[in-house]
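# Structural overview for review
Residue strings, one per chain:
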Amino acid sequence: MVLAAPSATTPKPSPDTPPFIIAPTVEGLLACSDAEKDKSVATLAQAQAYCQQRKQNAAPALNSLLNTLEPGGPRGAVQIGYTVTLQLLALYRRTPQGWELDQAQVDNWMRLITDVQRPVVIYLSAGHFDTTGPLTDELLADPRNLMAMRDGKAPQLGYFGYRIAPYTLRTDSSLPVNRYRFAALDTVAKRILALPQPVRQRIVAVTLAGELHHLYTDFENGMGRHQEVRVTDYHPESIAEFRRWLAREYRTIDQYRSATGMVALRSFDEVPAPSRDIRKEALASYAEHYDAYADGNLPVSGWLWDPKGAVRRLQVYLNGQPLADVPRGFNRLDVYRAVPEITDPNVGFRYELDYRSLAPGRYRAQVIADTAQGPLEVAQTEFVVMGRDQKTPRSPTPPSASARPLKQLPGVRAWLDLPQPPQDLYYNPVARDWNRFRSQQAASFLAEFHRRALAAGLPAKWLFSHQIVPRANSTWNPQLFAMDDTLRGDAAWNHGLNMYGGMTDSAWMAGYLAANGIRGYGAPEFHPQQWKLPDVALRSLQRHQQAGARFVSPYYFTVVPPRFKGGEEHGVNRMELSPGNTKDGSDQFYRAIVEFARQ
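An account of the accompanying structure is given in this report. (Residues numbered from 1 in each chain as written. Predicted model: local features only at pLDDT ≥ 70, side-chain atom pairs only at ≥ 80, totals over all residues. Heavy atoms only, no water.)

### Thoughts on the overall build of the protein chain
When you go through the protein chain residue by residue, the secondary structure sums to 15 helices and 24 strands. Radius of gyration (C-alpha) of the protein chain: 26 Å, near the 25 Å computed for a compact globule of 599 residues. Here the C-alpha coordinates of the protein chain stretch approximately 80 × 60 × 45 Å along the principal axes. Looking at the protein chain residue by residue over its 599 residues, the buried ones come to 57%. Summarising the internal contacts of the protein chain: among those between residues at least 6 apart in sequence, 76% fall at separations of at least 24. Summed over all atoms, the accessible surface of the protein chain reaches about 24,900 Å², with 50% contributed by carbon and sulfur. Within the protein chain, one finds 67 positive and 60 negative side-chain charges whose respective centroids are separated by 2 Å. (Helix = DSSP H or I, 4+ residues; strand = E, 2+ residues; numbered from the N terminus. Rg over C-alpha atoms; globule rule 2.2 N^0.38 Å. Buried < 20%, exposed > 50% of the residue type's maximum accessible area, 1.4 Å probe, protein only. Contact = heavy atoms within 4.5 Å. Areas by Shrake-Rupley, 256 points an atom, 1.4 Å probe, with all protein chains shown as cover. Lys, Arg positive; Asp, Glu negative; His and termini not counted. Charge placed at Lys NZ, Arg CZ, Asp CG, Glu CD.)

Here it is in C-alpha cells:
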C-alpha cells in the first residue's frame, strides 16, 4: 500500500466511504471558564475539581475551538472531531472504604462527550503515562505492580516533567494495578454503551491502553542507546513467565539445548534472564550475556541526504562482496533539526545484518551507493564476531570493495552512526529468546485489554491500539521497547500507530503498512514537526486519507486557561497547535488542518 502523491484536487470518496476524521488531542477538557474567573483557584488540578463539583467542563471552549477549525459543524469528506483522553487509573478516589471509581468524574466525561456534537476518539489510557491521579503513589509503592530492571528495582523515569510509572505488562488480574485498570475499563465501557444512540454514533474509535512497551534508562533521550543498555522486565514473576514461555516454545529442555547449544542447562528453571555484559562483568554462564547486539543482529545505520536523487540504491557489502540492499527513508528528525539545508527528515538508512552464521573473525562492512558515476562509498566500518570462548579471533585484515568516496557528488551528505568500529559481537541465543519473550509480553497485555474491552460490549470496529513504531527511526534501538509483536498485521485489534516527524509522510511507513497487512488504521498521535518546506503538513493529511486511514489525531491543542499553564518550554509543548506557535512547524500544521477540513 503505497501512499501516492496527492493530486491537485483530492478525488471525492464514494458515497459509501466514511469521512476522514481529524480528531485532535485536546488538553484541559475538565477545566471550565468559571474556575479561571475565581481567583481562589490556583492550579489546574484545583480548577478541575472546582468544575466537577459544579458539573461543568470545557465543552463550550472545545466547541469554540472546533468551530474555528471547521465552521458550521462536521460535514463533508473530511470532518473535524476531537480526541478525549481518559486516564483510567486517574478516575479513582480514596474513600473510607478504599479506592473507588469517582463516578462524578466519569459523569463529567460522559457529559462532555454528549455535549460536544462532533466525531470523537476516546483514548482509554492505562499505560506508563497514566499517572495524574492520587492512586499512582500507592501503586508505585508496591513492587508487584511494576516492571523491574536487572537489579530488581523499578526504573525511576520522567518525560519532560511528566511522571512515568513503570506499570507491569503481566496480565495477572490479581495484581492491584490490573484490578484497577480492568475494573475502570469495564465501568467506562458500560458507561459509553449507555450513552444515547446519537452520541454513540459519533464515536469513531476507542484507543486502548496507550503506548505499551518495555522501558529503559534515560526515557527521554535513551531510545537510541546501543551501549550499556538496561531494560525491563526482570521482576521475579516476569522471569518465571519467561521460563514457562520457553517450555511452551521448545517443549523439552533437550530440544532447547539442541537449538541453542546451551548444553549445561538441565531444566528451564536454570535458564537465566540475560542481563550481564560479557565485556565488563563476570558471568556464571555464557547464557547471561546481554547487550544491544546479543540477539544476533547488527544494525548498519546512518543517514544520506541526496536532494537531486543521484543515488539509485544503497547496498551493504561484507568483506568486499555485495550482501543486500539497504532500506532507506527512515525518520531522522534529529538530522533535519541539526542541518539547515536538509529539508526532509526521511533521510535515515538501516540494514539489520544477521551475524549468527558468521564464523568468529574480523569483518568489514561497507555502504556503497549505486550512482550514474559508478559505485561510491558512503562509509565503511569493521566489526569482530567473537566466539563463546572470548578469544580474539586470528584472522587477516578483511578485504574491501573498491569505490570512490561519495563526497564527490555535489550536494550529497551522509554519515554512518552504527556500528562504531571495532564493534565486538557475542551472539547469545538466550538473549534472542529473551527479546522475543518481552515483545510477546507487550502483545499479551494489549490482547488482554482488547479481550476485556470486547467482553464489556465495545464493538470490535471501535477498538484500536495506540502504539509507536520504533523501527521507523533508524537510530532507535527496538530491543529497548520490545513491542514488535503488537504491530503484527494479524492482530485482533485495529491498528493505531502514533506518527511524528517524517513518519507522517513517509514511503518507508507506507511500505511498512503494506508489508504487515495493516489497513483501516488510525494515527492516535500525529504531528509532522516540520517547517522548512510549505505544504508538508497538508500533504501528510492528504496521503493518509488516500491510504485509507480512519482517523488522525493531531497532537495537540489546549483549552487550558492561560493562568493555569506552565511557562517552561520543552519537547512536548513545542507541539501545541496554534497560528502563533512557529516551533516545530505547529503553526503550519494548524493552517493545514483548517484548509483540509474545507473538503
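Moving on, there is more to tell.
### Considering the environment of Ser465
With respect to the secondary-structure elements, Ser465 resides in the loop between β21 (463-464) and α12 (478-481). The sequence separation of Ser465 and Leu185 amounts to 280 residues, and the corresponding C-alpha distance is 14 Å. Here Ser465 is in contact with Thr207, Leu208, Leu446, Trp493, Asn494, His495, Gly496 and Pro524, once residues within four sequence places are set aside. At 2.9 Å, the side chain of Ser465 and the backbone nitrogen of Gly496 are in polar contact. (Polar contact = N/O pair within 3.5 Å; in protein donor to acceptor, adjacent residues only side chain to side chain.)

### Some remarks on the state of the cysteines
For the coordinates displayed, the defined rule picks out 1 disulfide. For Cys32, the disulfide goes to Cys51, at an S-S distance of 2.0 Å. A torsion of -90 degrees about the S-S bond marks the disulfide between Cys32 and Cys51 as left-handed. Placement of Cys32 in the loop between β2 (25-27) and α1 (33-37) and of Cys51 in helix α2 (residues 44-53) is noted, with a sequence separation of 19 residues between them. There is no split in this pair, since Cys32 and Cys51 are both buried. (Disulfide = S-S within 2.5 Å.)

### Looking at the nonpolar core
Grouped together as the largest cluster of nonpolar side chains are 163 residues, with contacts concentrated most on Tyr82, Val84, Ile122 and Phe383. Looking at which element gives the most residues to this core, the answer is helix α11 (residues 429-455), with 9 residues. Tyr82 has contacts with Ala23, Pro24, Val26, Leu62, Leu66, Leu112, Ile113, Val116, Arg118, Pro119, Val120 and Val121, leaving out every residue within four places of it along the chain. Listed in part, the 8 residues of the second largest apolar core include Cys32, Ala35, Val560 and Phe564. (Core = buried A, V, L, I, M, F, W, Y, C linked by side-chain atoms within 4.5 Å.)

### Focus: the sheet that holds strand β15 (residues 348-354)
Judged by pairing direction, the sheet is antiparallel, and its 4 strands sit side by side in the order β14-β15-β11-β19 without closing on themselves. The sheet is open, and its two edges are formed by β14 (328-330) and β19 (413-418), each paired on a single side. Across the sheet, the axes of successive neighbouring strands diverge by a mean angle of 35 degrees, strand direction being ignored. (Pairing = 2+ DSSP bridges. Axes fitted to C-alpha atoms, helices over the stretch in contact; angles between N-to-C directions.)

### Brief notes about the packing of helix α8 (residues 236-250) against α11
Running from amino to carboxyl end, α8 crosses α11 at an angle of 105 degrees, the nearest separation of the two axes being 10 Å. Taken together, the axis directions place α8 and α11 in an arrangement best described as roughly perpendicular. Where α8 abuts α11, its residues Ser238, Glu241, Phe242, Trp245, Leu246, Glu249 and Tyr250 lie against Val430, Asp433, Trp434, Arg436, Phe437, Gln440 and Gln441. Of the residues belonging to the contact of α8 with α11, the class tally is 7 nonpolar, 3 polar and 4 charged. (Parallel < 35°, antiparallel > 145°, perpendicular 65-115°, else oblique. Nonpolar A, V, L, I, M, F, W, Y, C, P; charged D, E, K, R; others polar.)

### Let's talk about unusual backbone geometry
Between Thr232 and the following residue, Asp233, the backbone shows a cis peptide bond with an omega angle of 15 degrees. On the secondary structure map, Asp233 appears in the loop between β10 (203-209) and α8. Residue Pro421 is joined to Pro422 through a cis peptide bond whose omega torsion reads -10 degrees. The topology assignment puts Pro422 in the loop between β19 and β20 (423-425). The backbone of Gln390 sits at a positive phi, close to 65 degrees, despite the residue not being glycine.

### Re the side chain of Thr232
Relative to the helices and strands, Thr232 resides in the loop between β10 and α8. Within the local environment of Thr232, its side chain forms a polar contact with the backbone nitrogen of Leu215, the two atoms lying 3.0 Å apart. Leave out the neighbours within four places in its chain, and Thr232 touches Met147, Ala148, Met149, Pro155, His214, Leu215 and Arg438.

### What to know about the environment of Gly76
As for its placement among the helices and strands, Gly76 is situated in the loop between α3 (59-69) and β3 (78-80). Along the chain, Gly76 and Tyr286 lie 210 residues apart, while their C-alpha atoms are 62 Å from each other.

### Concerning the packing of aromatic side chains
Any aromatic ring pair is given by two values, namely how distant the centres are and how the planes are angled relative to each other. Applying the stated criterion across every chain, the model contains 30 aromatic pairs. Relative to Phe437, the ring of Trp245 has its centre 6.0 Å away and its plane inclined at 55 degrees; by these criteria the two rings are tilted. In this pair, Trp245 sits in helix α8 while Phe437 sits in helix α11, placing the two residues 192 residues apart along the sequence. Taking relative accessible area as the criterion, Trp245 reaches 6% and is therefore assigned buried. The interplanar angle of 50 degrees and the centroid separation of 5.8 Å between the aromatic rings of Tyr256 and Phe268 together place this pair among those described as tilted. One end of the pair, Tyr256, is in helix α9 (residues 253-260); the other, Phe268, is in the loop between α9 and β11 (297-305), and 12 residues separate them in sequence. Grouping residues by exposure puts Tyr256 and Phe268 together as buried. A network of ring pairs unites the aromatic residues Phe129, Tyr159, Phe160, Tyr216, Phe219, Trp476 and Phe481 as a single cluster. One cation-aromatic arrangement involves Arg54 over Tyr50; the distance from NZ or CZ to the ring centre is 3.5 Å. Its end group placed over the ring of Tyr336, Lys532 keeps NZ or CZ at 4.3 Å from the ring centre. (Phe/Tyr/Trp six-rings, centres within 6.5 Å; stacked < 30°, edge-to-face > 60°. Lys NZ or Arg CZ within 6 Å of the ring centre and 35° of its normal.)

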